[in-house]
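Chain and residue survey
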Amino acid sequence: MNPPVLDISGLSIRFSGRTDPVLALREVGLSVQAGEIVGIVGESGSGKSTLALAVMRLLATGASVTAGSVRFEGKDILALPEADMRKLRGAGMAMVFQDPMTALNPVLPIGTQMMDVLFRDPALSRADKRARAVAALKRVGLPDAEQQLGRYLFQFSGGMRQRIAIAMALLQRPRLLIADEITTALDVTLEAQILDLLRDLRDEIGCSILFISHNLGAIAAICDRTVVLYAGEVIEAGPTAKILGAARHPYTKALLACDPSRIEIPTRNLPVIPGEVPDLSAPPKGCIFAARCPAALSRCVTHRPVKSLVGRDHSVRCHLIEGAAE
Amino acid sequence: MTLLSVRDLTVSYPVRGPLAGWWTGQKRFVDVVCGISLDLAEGTTLAIAGESGSGKSTFARALMGLTPFRSGSLIFDGKAPFPARGRPARAYLHQVSMMFQDPVASLSPRRTIGALITEPFRIHRPDLRNLEAEAKRLLVLVGLPADFAQRYPHQISGGQARRVGLARAVALNPRLVIADEPTAGLDVSVQGEILNLMARLQAEQSVAFLMITHNLAVVRHMSDRTAIMYMGRIVEEGPTDRVFASPAHPYAAALIAAEPSSLPGHHRHSAALKGEVSSPLHRPDGCAFHPRCPAARPLCSATAPLPQVSASGALVSCHFPLQRTPDQ
Amino acid sequence: MGRLGLCLVLILLVAAVFGPWLAPFDPFLIDVSAKFHPPSFPHLLGTDNLGRDILSRLIAGSWIAMGVGMSTVLVALVLGLILGLIAGYGPLWLDYLLMLVLDAIYAVPTVVMGLTVVTLLGPSLTTLMIVVIVILVPGYARLARTATLSMKSEEFIVALESLGASRARIILVHLLPNIAGPILIVASMDIPTVIALEAGLTYLGMGVPPPTPSWGRILQEGFAQIGDAPWIILAGGLP
């Protein structure tokens, strides 16, 4: 088998600033195979955006990788010189953000911005670049692509803006697309359209997608595999059908139980997860979820559980599962 | 008993283009909310659902007198609380309050939480002296520790800011709270906490909620009646269970079918809805939904449909209401 | 750089507050026998045409400089904030009216404005302060108005309107603390400008009348003897 497009192992990231250092990610591991859509699901503060930025090596100053590696097509990108990394961004991996209005330049026409992305390719003439931009816009379903090149971002609706952002990310045909909450600001009908688009793009150009979202419905719709992140740790990972249909970790179960769309009979007493996310400047010694876990044992508080395999490609970090396996 | 009754409410904004009305001297108007009629019973929840651009937030602001409306009428508790252009009577704002979409941005950044949640008392009850006790009571009511009174808005999380917003909205024991996207941007676990809290306050104080949201899963659980809005009009309004079980308007049906679910084996039906909401500047003739409607016929682009009672007992504005959802 | 600036400000403040105790001589003491002393001991910066100690006069002048600088900026700041808040949050017609008046004032050159007011009211310390305030207010009002306009549509202001808060309450309790910060910084940086302005206007004969020792006055008097006693004007330019 070819090496995975993206292989993260043991990644730990620390933020240090004026306050106590925060251990935002701890020993995170995941891999994305060629042509695969992998979902990262987690609530706010789980570190999912930090993970995305770490892969792009775009972390803010103050954040440092304390352990682990990030391999892109077998190359350790954390060791790559900045110049090589810059070449990789866009051509090898590209990122789409939640709000295209802030991620793209509002005072440049979209055509200019798209052609700028291709500046590095000396083989392309201006006409070629233009043709590539038009083709990319057509590909994401923008009507009258040629006429739209001279327009500005604010002249488009929310759904179209996100399509333009995706077209721009795909211009250099990256092998990995990182989508960070790209449907969060969209209405359901537009969200469905964008998810359909992502799936088609994957099928057509075979690019892998790392799909980050807190929306379980969106994850269910397009991800082949799903990684559940809680307070900076991967607590469960596996095929999406298994994660959403036969979750093993108490946090995953609790998170799914909270989703109102899964509750058939209307209720005004919705399930919640009691307690708060732990303070990551001093993460607990044992299991990260122990304090809120309904089934916590004494060793959950004292010992950190190890990753155990509970099915094909389905791993869980939980003492209760270890016990069951013994 | 009907608490709030809205008839033919229309909100319009003047069109401001480079030379709009410069030559003719006439102003063009675009109707953001056009002709909404609704009734809300005391102590119940009515949800207004729709996509962005449907005018649901503008409608909420018009009810609070924050946006003037061009025509229509508003009856609260048997009286008209304010004229179309003008500030609402203080007595109305005493009984009606609003929860805003962005929980942190709706709190004055340089005031403490304690000062913020007692602001309604400072405005409406200057006779009240023991504000500290009131602040404590409200914080406990919404499940926040009492020492939160000393904190500032930027020191609390989004979910906590929501609770503060709710505490401030119910401070004066209002009879109606207008909640604009009360769970937008919240994680599912926190979303449940806020919704449960709202349901509890309704049960205890019999406050009515007018909930504006795009989250249909929330609507299904929380509201007694549901109104689906499209381009400034209500296309379907009825008891929540009936609207969800058998939506009669093609847009309502498509919206409900497009709702994502994380249940394995659930397939959402997005195919029914192509394209995006038309610009209110170029409102389609006839039924505003006809360019996207899978069941549109020539009549739909010619005349706008009038509301009629559907088979399920909901009020539907469609020439050819569905008998059953297409996907069942 | 910051520390150097702080030291200089501290020296000025100490000189202004403890002036009477620090000054080696009485700044008003005329001693004709000691006139036109070049800098030497005990007259460290020399004496002027009336034999008055220049260092002592400078120290005494710092009190006026600081006092005039700070108090005029403070008054102008308060006036500017109030006008700017009213223009930004009040009714539209009032905004137009206030901006028209303030822009008109802004358009008049400083010296012309000073000459006009002095002609009308006669030269005195009060006149000088009024001139400076009138010059400063439009700038602060514009800043406050712009900040208010950008904050007016913030959701917390809309939320307050929905609670039924009065205009005055929104302006004073909620808008003021949010817009005051940046304007306060601009105002504090204006204090030295105002001191220079005071010296400049006095030098032109519009400010503090003699024999009050102000920095501008020292310069003006020194200018007459620039050929015979250059140290007077040099020392006067020191601060």
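This is a predicted model, so every value here is computed, not measured.

Residues and elements named next belong to chain B. The sheet built from three strands is open, its strands ordered S2-S1-S4 with antiparallel pairing. The sheet terminates laterally at strand S2 (29-41) and strand S4 (71-76), the two strands that pair on one side only. Put simply, the sheet's adjacent strands are angled 15 degrees from each other on average, direction ignored. The pairing of strand S1 (residues 2-14) with S4 spans five bridges and is classified as antiparallel. Bridge assignment links Leu4 to a residue of S4, and that residue is Phe76. Lying over the sheet, helix H1 (residues 56-63) contacts S1, S2 and S4, oriented at roughly 115 degrees with respect to S1.

Another point: the pattern of salt bridges. Applying the stated criterion across every chain yields a total of 30 salt bridges over all chains. The partner of Glu181(B) in a salt bridge is Lys56(B), and the shortest N-O contact between them spans 3.9 Å. Remark: Lys56(B) occurs in helix H1 and Glu181(B) occurs in the loop between strand S6 (176-180) and helix H7 (188-205); sequence separation between them is 125 residues. Given the relative accessible area of 5%, Glu181(B) is considered buried. Overall, Lys56(B) belongs to the buried group, its relative accessible area being 6%. A single network of salt bridges, built from pairs that share partners, joins Arg26(A), Glu27(A), Glu233(A) and Arg304(A).

What follows deals with the interface of chain B and chain C. Taken together, the contact pairs 23 residues of chain B with 15 residues of chain C. Of the roughly 1,800 Å² buried at the junction of chain B and chain C (both faces included), carbon and sulfur atoms supply 58%. Put simply, chain B and chain C have one salt bridge between them. For the side of chain B that touches chain C, the elements supplying multiple residues, two or more each, are helix H2 (90-95) and helix H4 (119-124) of chain B. Take the side of chain B that touches chain C: its biggest share by element is five residues, from H4(B). Class assignment for the residues of the side of chain B that touches chain C results in ten nonpolar, four polar and nine charged.

Residue and element names in this part refer to chain A. Looking at the assigned domains, one finds that chain A contains domain 1 (6-92 + 172-262 + 271-325) and domain 2 (107-171). Computed from C-alpha atoms alone, the centre-to-centre distance between domain 1 and domain 2 is 30 Å. In this complex, domain 1 contributes 20 residues to the contact, which on the side of domain 2 involves 14 residues. Where domain 1 abuts domain 2, roughly 1,400 Å² becomes buried across the two surfaces, and 61% of that area is made up of carbon and sulfur atoms. Ranking the residues of domain 1 by area buried against domain 2 places Gln172, Leu197 and Leu201 at the top, with a combined share of 36%. Our count for the domain 1 to domain 2 interface comes out at one salt bridge. Ionic pairing is found between Glu204 and Arg139, a salt bridge with its closest N-O pair at 2.7 Å. Taken together, the links from domain 1 to domain 2 amount to six residue pairs in polar contact (both at pLDDT 80 or more). Looking at the side of domain 1 that touches domain 2, the elements that each hand over two or more residues are helix H2 (82-91) and helix H8 (188-205).

Cut-off values and rules
Residues numbered from 1 in each chain as written. Chains lettered and ligands numbered in written order. Predicted model: local features only at pLDDT ≥ 70, side-chain atom pairs only at ≥ 80, totals over all residues. Heavy atoms only, no water. Pairing = 2+ DSSP bridges. Helix = DSSP H or I, 4+ residues; strand = E, 2+ residues; numbered from the N terminus. Axes fitted to C-alpha atoms, helices over the stretch in contact; angles between N-to-C directions. Contact = heavy atoms within 4.5 Å. Salt bridge = Lys/Arg side-chain N within 4 Å of Asp/Glu carboxyl O. Buried < 20%, exposed > 50% of the residue type's maximum accessible area, 1.4 Å probe, protein only. Buried area = accessible area lost by both parts, 1.4 Å probe. Nonpolar A, V, L, I, M, F, W, Y, C, P; charged D, E, K, R; others polar. Domains from an automatic or database assignment. Polar contact = N/O pair within 3.5 Å; in protein donor to acceptor, adjacent residues only side chain to side chain.

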